[in-house]
Structure formats: C-alpha cells, structure tokens
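Structural features, examined
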Amino acid sequence: ALSRVVSFDGVTKDRIEELKREVQDGEQPDGLRPTEMLMLHDPEAEKSVVILFFDTEEDYRSGDEVLNAMPAGDTPGSRTSVGKYDVALRMTM
C-alpha cells in the first residue's frame, strides 16, 4: 500500500467542521480512489495533516493528479508539504 501525506497551515476549527460535513454529504471526485483517509488537526497551531491510503500505484497516481488539480478553496488550508510513502506497518488496536 501507498500513502499520500499532506500538511496544511491555517486550518481553523470551523474549517474542520465544514470539511466533516462536506465529506459526509458529498461524493469523492472522479479518479480519487483511496481505501482510507485520516485527518489529524492541531487546533491551537491551526495545522493539519491528511493521510490518504491507496492499494496500487495506479490509484495513487490518479488520486495525486486529482488532488493536485483541486482548487485551493477546497483544501483544509494552505498546503505546506506533500509526500509519498510506502505503508510499512498498519495496525488497528
């Protein structure tokens, strides 16, 4: 599995609540096929990290293209970094 890890600055509590509603009410954009999404938020620092998991390289590439083309207003805040990682260990406890 692969993961796309993105960090953002300027992410307010209100923006997180808005994103929760959008995700629950909306459909994923065409070409975005993650198996899982994890969003971490530090409300005091107004920072967020989003991790998307993908099963295949093709799904990752497609998702990366879709997300890179996304308008800035659709993201949690100002994107500060994007990284691609192999998922070395994944466990739910």
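It should be noted that the structure appears before, not after, this text.
Note that this is a predicted model, so its numbers are computed, not measured. (Residues numbered from 1 in each chain as written. Predicted model: local features only at pLDDT ≥ 70, side-chain atom pairs only at ≥ 80, totals over all residues. Heavy atoms only, no water.)

Next up on the list: the overall build of the chain. A tally of helices and strands in the chain yields 2 helices and 4 strands. Helices (α) and strands (β) of the chain occur, in sequence order from the N terminus, as β-α-β-β-α-β. For the chain, whose C-alpha radius of gyration is 13 Å, the value lies close to the compact-globule estimate of 12 Å for 93 residues. Along the longest, intermediate and shortest principal axes, the C-alpha atoms of the chain span 35 × 30 × 25 Å. Expressed as a percentage of its 93 residues, the buried residues of the chain come to 30%. A separation threshold of at least 6 residues defines the contact pool for the chain, and within that pool the share at least 24 residues apart is 75%. Accessible area for the chain stands at about 6400 Å²; split by element, carbon and sulfur atoms hold 50% of it. (Helix = DSSP H or I, 4+ residues; strand = E, 2+ residues; numbered from the N terminus. Rg over C-alpha atoms; globule rule 2.2 N^0.38 Å. Buried < 20%, exposed > 50% of the residue type's maximum accessible area, 1.4 Å probe, protein only. Contact = heavy atoms within 4.5 Å. Areas by Shrake-Rupley, 256 points an atom, 1.4 Å probe, with all protein chains shown as cover.)

Of note, Val 49 is situated in strand S3 (residues 47–54). Leave out the neighbours within four places in its chain, and Val 49 touches Val 5, Val 6, Ser 7, Leu 38, Met 39 and Leu 40.

With that settled, consider the pairing of strand S1 (residues 2–9). Of all 8 residues making up S1, 6 are buried, and the element is well covered by its neighbours. In this sheet, S3 lies alongside S1 in antiparallel orientation, the contact comprising 8 bridges. Counterpart to Ser 3 in the pairing with S3 is Phe 53. Pairing analysis gives 8 bridges linking S1 to strand S4 (residues 78–86), with the strands arranged antiparallel. Paired with Ser 3 across the two strands is Tyr 85, which belongs to S4. (Pairing = 2+ DSSP bridges.)

The next subject is unusual backbone geometry. The residue Glu 46 is not glycine, and still its phi comes out positive at about 55°. Mapped onto the secondary structure, Glu 46 falls in the loop between strand S2 (36–42) and S3.

Attention now goes to the nonpolar core. In this structure, Leu 2, Val 6, Phe 8, Val 11, Ile 16, Leu 32, Val 50, Leu 52, Phe 54, Tyr 60 and Leu 67 together form the largest nonpolar core, which totals 11 residues. Put simply, the parts of the chain that give this core at least two residues each are S1, S3 and helix H2 (57–68). Beyond its immediate chain neighbours, meaning those up to four positions away, Phe 8 contacts Glu 46, Lys 47, Ser 48, Val 50, Thr 75, Pro 76, Gly 77, Ser 78, Arg 79 and Thr 80. (Core = buried A, V, L, I, M, F, W, Y, C linked by side-chain atoms within 4.5 Å.)

Another aspect to go through is the pattern of salt bridges. Overall, the coordinates contain 9 salt bridges when judged by the stated rule. Note that Lys 20 and Glu 17 form a salt bridge whose closest N and O atoms lie 3.2 Å from each other. Residue Lys 20 and its partner Glu 17 are both found in helix H1 (residues 13–25); the two are separated by 3 residues, about one turn of the helix. Its relative accessible area of 38% is what places Glu 17 among the partly exposed residues. (Salt bridge = Lys/Arg side-chain N within 4 Å of Asp/Glu carboxyl O.)

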